[in-house]
Amino acid sequence: MKALDLKARTVTLSLLDGFQDGKQYFYHLETDVSADLPAVLEQGVYAPKLALIPEFGKSDAKDKSALLGFSPVVNGITDVNNAEFQGFAASLANGGIDPINVFPIGPDNSNASLDNNYSPLWDAHVVAWTEEAIKEGKVRRIKSVKDLKELFAAKLITSAAADGPPNSFLGGIRAFKVTINCPVIAHPKSVKR
C-alpha cells in the first residue's frame, strides 16, 4: 500500500509490472505470499498458510492444481540505466523496484470452461542465470515463457529450487514451493498503447 486516506476513504496501491508473451505491462496486485523473503521482495503480506494450497509444479489445465506457474529471476542485470534490467537483485539494488517477472497467460473472462487455465494464485519457479551465461555476456531480460523454456533448455538459466517438483508447463523448471496471491489488473492484450 502506498497511501491511505481514511477521511476520503481511498487507498493507493502499488502495481507490479511484468512480461507475458514478449509484451510488458502485465500489471498485477501483490496481496499475499507464503514465504517471508519473497513477501518482502514482492511487496506482499506474509501468509504462510498459502503454501497449503495444492499443488506445486502443476500448471496444465488438466492438472488438479489451483496454482499457475510463473518465473521470477534472481540475478538479472541490476543497472536500471540498462533497459534489460530484471530480477530480485535489481529490485534489492534499486530501492525495491519491480523485479519484472515472466508470466504465462492473462485472465480470460470470456472462457468459462475448465480449459481456462488462468489463476491468480501463482506458483513461483525462480530461475538464475548460470555462471557460463554471465561469463559469456548472455544475461538479458527474459520476456516470455517461450524465451524462458529456450534459455533453460540451453542451460543458460537454472532452477533456483533444487528440490522442487519440475513443471512441464514451464519446460521442466522446478517449483520454488512459494505461493503468491497476485491477481492481474491489466495485461498486454487489454492495455491500449
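All of the points below concern the structure found in this document. Everything numeric here is computed off the predicted structure, so don't read it as measured data.

**Remarks on the environment of Y118**
Turning to its location among the elements, Y118 is positioned in the loop between β8 (101–103) and β9 (121–124). Sequence separation between Y118 and T31 is 87 residues, and the spatial gap between their C-alpha atoms is 17 Å. Apart from the residues within four sequence positions on either side, Y118 is in contact with L68, I105, G106, P107, C182, P183 and V184. Looking at Y118, its side chain comes within polar contact range of the main-chain nitrogen of V184, at 3.1 Å.

**A closer look at the sheet that holds strand β14 (residues 179–181)**
Pairing in this open sheet of 5 strands is mixed, and the strands run β6-β5-β14-β9-β7 from one edge to the other. On the outer flanks of this sheet lie β6 (45–46) and β7 (68–70), each paired with one strand and no other. The pairing of β9 with β14 spans 3 bridges and is antiparallel. Bridged to L121 within β14 is N181.

**Quick word on the side chain of Q86**
The residue Q86 is located in the loop between β7 and α2 (88–93) in this model. A polar atom in the side chain of Q86 sits 2.8 Å from the backbone oxygen of I100. In contact with Q86, not counting residues within four places along its chain, are V73, G76, I77, P99, I100, V102, R140, R141 and I142.

**Comments concerning unusual backbone geometry**
The linkage connecting P54 with the following residue, E55, adopts the cis geometry, with an omega of -5°. Looking at where E55 falls in the secondary structure, it is placed in the loop between β6 and β7. Non-glycine residue D21 carries a positive phi angle of around 55°. Within the element layout of this structure, D21 appears in the loop between β3 (18–20) and β4 (27–28). By relative accessible area, D21 is classed as exposed at 51%. One non-glycine residue, I100, adopts positive backbone phi at about 60°. You can call I100 buried: its relative accessible area is 4%.

**Some remarks on the packing of aromatic side chains**
Ring pairs (aromatic) are described by centroid distance and by the angle formed between their planes. Inspection of the entire model under this criterion finds 6 aromatic pairs. Note on F26 and W122: the rings are 6.4 Å apart at their centroids and 75° apart in plane angle, and the pair reads as edge-to-face. Here the residue F26 occupies a position in the loop between β3 and β4, and W122 occupies one in strand β9, the gap between them amounting to 96 residues. Judged on exposure class, the residue F26 and its partner W122 are both buried.

**Remarks on the nonpolar core**
Generally speaking, soluble globular proteins have nonpolar side chains that are buried together. In terms of nonpolar packing, the biggest core is built from 37 residues, with W122, V127, W129, I142, I157 and I180 touching the most fellow members. Contributing elements (two or more residues each) for this core: α1 (36–41), β7, α2, β8, β9, β10 (127–129) and α4 (145–153). Ignoring any residue separated from it by four or fewer positions in sequence, one finds V127 in contact with S71, P72, V73, V74, I142, L148, I157, T158, A160 and I173.

**Looking at the environment of I185**
Along the chain, I185 falls in strand β15 (residues 184–186). Between the C-alpha atom of I185 and that of A51, which follows or precedes it by 134 residues, the distance is 23 Å. The contacts of I185, once residues within four sequence positions are left out, are L15, Y27, H28 and L29.

Cut-offs used in this document
- Residues numbered from 1 in each chain as written.
- Predicted model: local features only at pLDDT ≥ 70, side-chain atom pairs only at ≥ 80, totals over all residues.
- Heavy atoms only, no water.
- Helix = DSSP H or I, 4+ residues; strand = E, 2+ residues; numbered from the N terminus.
- Contact = heavy atoms within 4.5 Å.
- Polar contact = N/O pair within 3.5 Å; in protein donor to acceptor, adjacent residues only side chain to side chain.
- Pairing = 2+ DSSP bridges.
- Buried < 20%, exposed > 50% of the residue type's maximum accessible area, 1.4 Å probe, protein only.
- Phe/Tyr/Trp six-rings, centres within 6.5 Å; stacked < 30°, edge-to-face > 60°.
- Core = buried A, V, L, I, M, F, W, Y, C linked by side-chain atoms within 4.5 Å.

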